[in-house]
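# Results of the structural survey
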Amino acid sequence: MTVLLGLPGLRAPRPGVGEVRALADAYGRVASDLRLSLTDRCNLRCTYCMPAEGLDWLGRDELLDDDEIVRLVQIGVERLGITTVRLTGGEPLLRRGLEGLVTRLASLDPRPALALTTNGIGLAPRAAGLAAAGLDRINVSLDTLDPDVFARMTRRRRHGDVLEGIRAARAAGLAPLKMNTVLMRGVNDHEAPALLRWALEEGVQLRFIEQMPLDAQHGWRRTEMVTAAEILARLRTEFDLVVDPAHAAARGSAPAELFRVVGTQQTVGVIASVTQPFCGSCDRVRLTADGQIRTCLFAREESDLRSLLRGGADDATIADAWVVAMAGKQPGHGIDDPSFLQPDRPMSAIGG
Ligand code: SAM
Ligand code: SF4
């Protein structure tokens, strides 16, 4: 398999059959991890993500259908070096026929690793079926162990459903089972050690994520954000955490800094997207539910693959457009830059 590293701005010759071009940018990064949003809709209303009333959802015709999704992912894995596909949203479990889509993605050649990020609502009865369809890994988002805090943070009383979903995912063998947690000051930040204790008992790998300015309401404040340093300080009041050299060496493009919890075989991760950005080793590319390529969560531009698809473009033309889009990826998100502007679309519409 030949890999042609495309230089931005230069039109690389079209590859022959079996050749793969890298989704490379001007800063030496190569994207191989596709974040695929299946819907912008959600059944929770997390305060750091969405307003209580929800958003203006995309219309049915605007969404890519399953055939369109499979075709784009096929182009990604066959021609552009995509090796991992993470299904997200909005809430991806709300997408009708998700199991069928997973089956089709799992039968692509080369087969991508398939992961899902979900809020866990409705996961319990579906976890085994998703695993059977070919899903490899799952991340469940849960910010609290307290049903009342959950209701305050998500504006819905569904805490028990999420716990059931996590246990069903584990029983279905979806490993490693990860849990994403966002801490908010004065709301759930006191729970950090208890969440870690619970995750250790449940055999779940917990990863704390710094809150990012991606909410539709533009309510994020730098001064209010619970930083990675604060999270670690809170955890260290109850746990000994050490940077494991093996994990550090193997980190690569993984956003989480992993710490081994002394006295256990388990780790806890901290994703310091704001205070210690990992843009320099980013290997991600995003495809929105309406078929737009975004090179970054914080990108201000999108590239319209849906129009190409629906206009009858062939695979090579779509692959070209994808390569050109990636070549324009910015070096970083610039949240700490005074000129930073929050992207027009919120996280739920981009695909988190
Ligand atoms: N609905 C699914 C879920 O909640 O897991 C998938 C989409 S959600 C946008 C993906 C992840 O982004 C979740 O773990 C959520 O906690 C996280 N998230 C949402 N808004 C965020 C923000 N403003 N800052 C940091 N993480 C955020
Ligand atoms: Fe929905 Fe996920 Fe956003 Fe919460 S974080 S509102 S579960 S999309």
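Residues numbered from 1 in each chain as written. Chains lettered and ligands numbered in written order. Predicted model: local features only at pLDDT ≥ 70, side-chain atom pairs only at ≥ 80, totals over all residues. Heavy atoms only, no water.

Per an unreviewed UniProt entry, the protein chain goes by the name GTP 3',8-cyclase and belongs to Microlunatus sagamiharensis. Regarding the protein chain, the UniProt comment filed under Sequence similarities (unreviewed entry) reads as follows: "Belongs to the radical SAM superfamily. MoaA family." Comment text from UniProt for the protein chain, heading Pathway (unreviewed entry), reads "Cofactor biosynthesis; molybdopterin biosynthesis." (UniProt positions renumbered as here; feature names shortened; annotations may be inferred.)

### Brief notes about the pairing of strand β5 (residues 84-88)
With five of five residues buried, β5 is to be regarded as a mostly interior element. Burial along β5 is two-sided: the face carrying Thr84, Arg86 and Thr88 and the face carrying Val85 and Leu87 are both buried. After leaving strand β4 (residues 33-37), the chain enters helix α1 (residues 66-79) and then returns to the sheet as β5, a path that is right-handed. Note: β5 against strand β6 (residues 113-118), four bridges, orientation parallel. Following the sheet pairing, Leu87 is matched in β6 by Leu116. Since β5 and β6 lie parallel, the crossover through helix α2 (residues 98-106) that links them has a hand, and here it is right-handed. (Buried < 20%, exposed > 50% of the residue type's maximum accessible area, 1.4 Å probe, protein only. Helix = DSSP H or I, 4+ residues; strand = E, 2+ residues; numbered from the N terminus. Right-handed = clockwise from strand over helix to strand, strands pointing away. Pairing = 2+ DSSP bridges.)

### Some remarks on the UniProt feature "binding site: S-adenosyl-L-methionine" (unreviewed entry) in the protein chain
Per the UniProt entry, the sites bearing "binding site: S-adenosyl-L-methionine" (unreviewed entry) are Tyr48, Gly90, Ser141 and Met212 in this numbering. By the secondary structure assignment, Ser141 is in strand β7 (residues 137-141). Overall, Ser141 belongs to the partly exposed group, its relative accessible area being 25%. Once residues within four sequence positions are removed from consideration, Ser141 is found in contact with Thr117, Thr118, Asn119, Val162 and Asn180. (Contact = heavy atoms within 4.5 Å.)

### Here's the deal with the UniProt feature "binding site: [4Fe-4S] cluster 2" (unreviewed entry) in the protein chain
UniProt's feature table lists "binding site: [4Fe-4S] cluster 2" (unreviewed entry) at Cys279, Cys282 and Cys296, given in the numbering used throughout. On the basis of their most widely separated C-alpha atoms, the annotated residues across 18 residues gather in one place, lying no more than 9.2 Å apart. Along the chain, Cys279 falls in the loop between β12 (267-271) and β13 (284-287). The residues contacting Cys279, other than those within four sequence positions of it, are Arg29, Pro331, Gly332 and His333. Classification of Cys282 by relative accessible area gives buried; the value is 19%. Apart from residues lying up to four places away in sequence, Cys282 is in contact with Arg29 and Lys329.

### Concerning unusual backbone geometry
Put simply, Asp109 and Pro110 share a cis peptide bond, and its omega is 0 degrees. For Pro110, the location among the structural elements is in the loop between α2 and β6. In this model, Ala175 is joined to Pro176 through a cis peptide bond whose omega is -5 degrees. In this fold, Pro176 is placed in the loop between α5 (159-171) and β8 (177-182). In this model, Arg155 sits at a positive phi of 60 degrees, which is unusual for a non-glycine residue.

### A few points about the pairing of strand β9 (residues 205-209)
Among the five residues in β9, five count as buried, and that is most of the element. Alternating positions in β9 separate into two faces, Gln205, Arg207 and Ile209 on one and Leu206 and Phe208 on the other, with burial throughout. Relative to β9, β8 runs parallel, the two being bridged by five bridges. Considered in β9, the bridge of Val182 is made with Ile209. Assessed by its sense of winding, the connection that carries the chain from β8 through helix α6 (residues 192-202) to β9 is right-handed. Across four bridges, the pairing between β9 and β12 is parallel. The residue of β12 that forms the bridge with Ile209 is Ile271.

### Digging into the environment of Ala106
With respect to the helices and strands, the residue Ala106 is situated in helix α2. When the C-alpha positions of Ala106 and Arg79 are compared, they lie 17 Å apart, and in sequence the two are 27 residues distant. When sequence neighbours within four positions are dropped, the list of residues in contact with Ala106 reads Arg111, Leu114, Ala133 and Gly134.

### Looking at the site of ligand 2
The environment of ligand 2 is made up of Cys42, Leu44, Cys46, Cys49, Gly90 and Asn119. Considering only residue class, the shell around ligand 2 consists of four nonpolar, two polar and no charged. (Near = heavy atom within 4 Å. Nonpolar A, V, L, I, M, F, W, Y, C, P; charged D, E, K, R; others polar.)

### So, α6
Across the 11 residues that make up α6, a large majority, eight, are buried. Here the buried face of α6 lies against α5, β8, β9, α7 (228-235), β11 (257-261) and β12. Gly203, located one to two residues past α6, shows a positive phi value of around 70 degrees.

### Quick look at the pattern of salt bridges
Following the criterion strictly, the structure yields 17 salt bridges and no others. The shortest N-O distance in the salt bridge between Glu238 and Arg197 comes to 2.4 Å. Here Arg197 lies in helix α6 and Glu238 lies in the loop between α7 and β10 (241-243), a separation of 41 residues in the sequence. Salt bridges linked by common partners bring Arg167, Arg170 and Glu202 together as one network. (Salt bridge = Lys/Arg side-chain N within 4 Å of Asp/Glu carboxyl O.)

### A few points about the site of ligand 1
Close to ligand 1 lie 17 residues; Tyr48, Gly90, Ser141, Met212 and Met347 are nearest. One of the side-chain nitrogen or oxygen atoms of Ser141 is found 2.5 Å away from an oxygen atom of ligand 1. The protein chains hide 95% of the 540 Å² of surface that ligand 1 would expose on its own. Listing elements by their share of the shell around ligand 1, those giving two or more residues are β6 and β8. Taken together, the residues that form the shell around ligand 1 break down as five nonpolar, 10 polar and two charged. (Polar contact = N/O pair within 3.5 Å; in protein donor to acceptor, adjacent residues only side chain to side chain. Areas by Shrake-Rupley, 256 points an atom, 1.4 Å probe, with all protein chains shown as cover.)

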